[in-house]
Amino acid sequence: MSGTRELRLPPHYDFAGTLGPLCQNRHDPAVRLSATELWWTARTPDGAATLHLVRTGDRLTATGYGPGAGWVTGQADAIAGLRDDVSGFAELAERHPVVRQAWRQRPGLRLTRTGRVFVHLVPTILAQKVTGLEAIRGYTKTVRHFGEAAPGPYPGLLLPPDPAAVAAAPYWVFHPFGVEAKRADALRRVAAEAARLEAAPDAGAATARLTALPGIGVWTAAEVTRLAFGDPDAVTVGDYHIPHHVVHALTGAPRAGSRDSSPGTVSPADALMLELLEPFRGQRARVCQLLLATTRGAPRFGPRLPVRSFAHY
């Protein structure tokens, strides 16, 4: 089953920049992204689906495949960020010269709204407190283990893991993927609650449901709701790099401060980032998106974190 929909793009629309967060890397088993094409797979309320987006000038052609084809084509404008309301942001950006310049450089960046939660929980949980390489390895191996062939003509593309299969898997299934018990248990826990999480009507409700689960904090909730609901204020707290990047961009300071914090509190680095972002409340995630896309990262000091593999422990 397939269906097609034609969409008109706004001026300066940034296809790859907007849709880039849906793809973990160029080897993502469930997503393929280029400058003008996206292949994105999902488990929708109507069943498995693949969405193919093709940009041609100021037009976007959305084609769906599989039982959920109608769902993904109906949601295509939201997934592409075309429901993202940026009216009034240009005036808000005037509150800081760096943000103003970032908006002028990348006015076509939009926030995607996929309408699916579990598909984003998988890579996000597997990225908790590990290096980027460890996260990608764990995610890729998890998808290849649980994934099924996605509908549509793209060879080798896989669906995201089935929550029921993940919830039923014992921890030892994840150990060879380099995923230790803490992340595996968190992933299995959200998989068991996937139906309730997918039924959340908005970002606030989803955040409340997510953070009520052991192993899910504000970092994970923000990363997920920003993609699933297009929440422009879902600023990431607790990240290893983002507070330093934002503070460096807005003040020129080389670092934001210590990342150490006690349970239930934010670190000094996060506190400074939030203070600087306060004038943009309601659009703080968008400001972070722009700064990450247009400004250089903060200087890094000290040795790199070691890349581990829990599969050998």
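Residues numbered from 1 in each chain as written. Predicted model: local features only at pLDDT ≥ 70, side-chain atom pairs only at ≥ 80, totals over all residues. Heavy atoms only, no water.

The biggest cluster of nonpolar side chains holds 58 residues, and the ones touching the most others in it are W40, L53, F118, L121, F174, L187 and V190. No other element matches helix α6 (residues 118-126), which puts six residues into this core. In this structure, L53 is in contact with F15, L19, T36, E37, L38, L60, T61, A62, A76 and A80, ignoring residues within four places of it in sequence. Of all hydrophobic cores here, the second largest spans 23 residues; its members include A93, L109, V247 and V287. (Core = buried A, V, L, I, M, F, W, Y, C linked by side-chain atoms within 4.5 Å. Buried < 20%, exposed > 50% of the residue type's maximum accessible area, 1.4 Å probe, protein only. Helix = DSSP H or I, 4+ residues; strand = E, 2+ residues; numbered from the N terminus. Contact = heavy atoms within 4.5 Å.)

In terms of residue burial, strand β3 (residues 37-44) counts as a mostly covered element, since six of its eight residues are buried. The sheet contact formed by strand β2 (residues 31-33) and β3 spans three bridges and is antiparallel. Its bridge partner being in β3, R32 is matched across the sheet by W39. Pairing between β3 and strand β4 (residues 47-56): eight bridges, direction antiparallel. Looking at the pairing, E37 lines up with V54 of β4. As consecutive antiparallel partners, β3 and β4 are separated by two residues. (Pairing = 2+ DSSP bridges.)

Inspection of every chain in the model, using the stated rule, returns six aromatic pairs. Taking 6.2 Å as the distance between ring centres and 20° as the angle between the ring planes, the aromatic pair formed by W39 and Y65 counts as stacked. Here the residue W39 occupies a position in strand β3, and Y65 occupies one in strand β5 (residues 59-65), the gap between them amounting to 26 residues. Grouping aromatic residues by their ring pairs yields a cluster made of W39, Y65 and Y154. Between the NZ or CZ atom of R116 and the centre of the ring of W71, over which it lies, the distance is 5.6 Å. Over the ring of F89 we find R286; its NZ or CZ atom is 5.8 Å from the centre of that ring. (Phe/Tyr/Trp six-rings, centres within 6.5 Å; stacked < 30°, edge-to-face > 60°. Lys NZ or Arg CZ within 6 Å of the ring centre and 35° of its normal.)

Before going further, it helps to examine the pattern of salt bridges. In the structure shown here, the tally under the stated rule is 15 salt bridges. R104 is paired through a salt bridge with E94; the nearest N and O atoms lie 3.9 Å apart. In this pair, R104 is assigned in helix α5 (residues 97-105) and E94 in the loop between α4 (89-93) and α5, connecting sequence segments ten residues apart. When its relative accessible area of 55% is taken as the criterion, R104 is described as exposed. Accessibility expressed as a relative area gives 43% for E94, which makes it partly exposed. Each member of the salt-bridge network shares a partner with another, and the members are R5, D77 and R83. (Salt bridge = Lys/Arg side-chain N within 4 Å of Asp/Glu carboxyl O.)

All right, on to helix α11 (residues 203-211) then. Every buried residue belonging to α11 is among A203, A205, A206 and L210, and all of these are buried. Buried residues of α11 fall within an arc of 160° about the axis and therefore sit on the same side. Looking at the packing, one finds that the buried side of α11 touches α6, α10 (194-198) and α12 (218-228). (Arc of directions from axis to C-beta.)

A word on helix α9 (residues 181-192). Between the first and last C-alpha of α9 there are 16 Å, a value that for twelve residues agrees with the 16 Å anticipated at 1.5 Å per step. Residues of α9 that are buried: R183, A184, A186, L187, V190 and A191. Along α9, the residues classed as buried sweep out an arc of 160° about the axis, all on the same side. Exposed and facing more than 90 degrees away from the buried side of α9 are K182 and A192. Where α9 is buried, its residues meet α6, α8 (163-168) and α10. (Expected span 1.5 Å × (residues − 1).)

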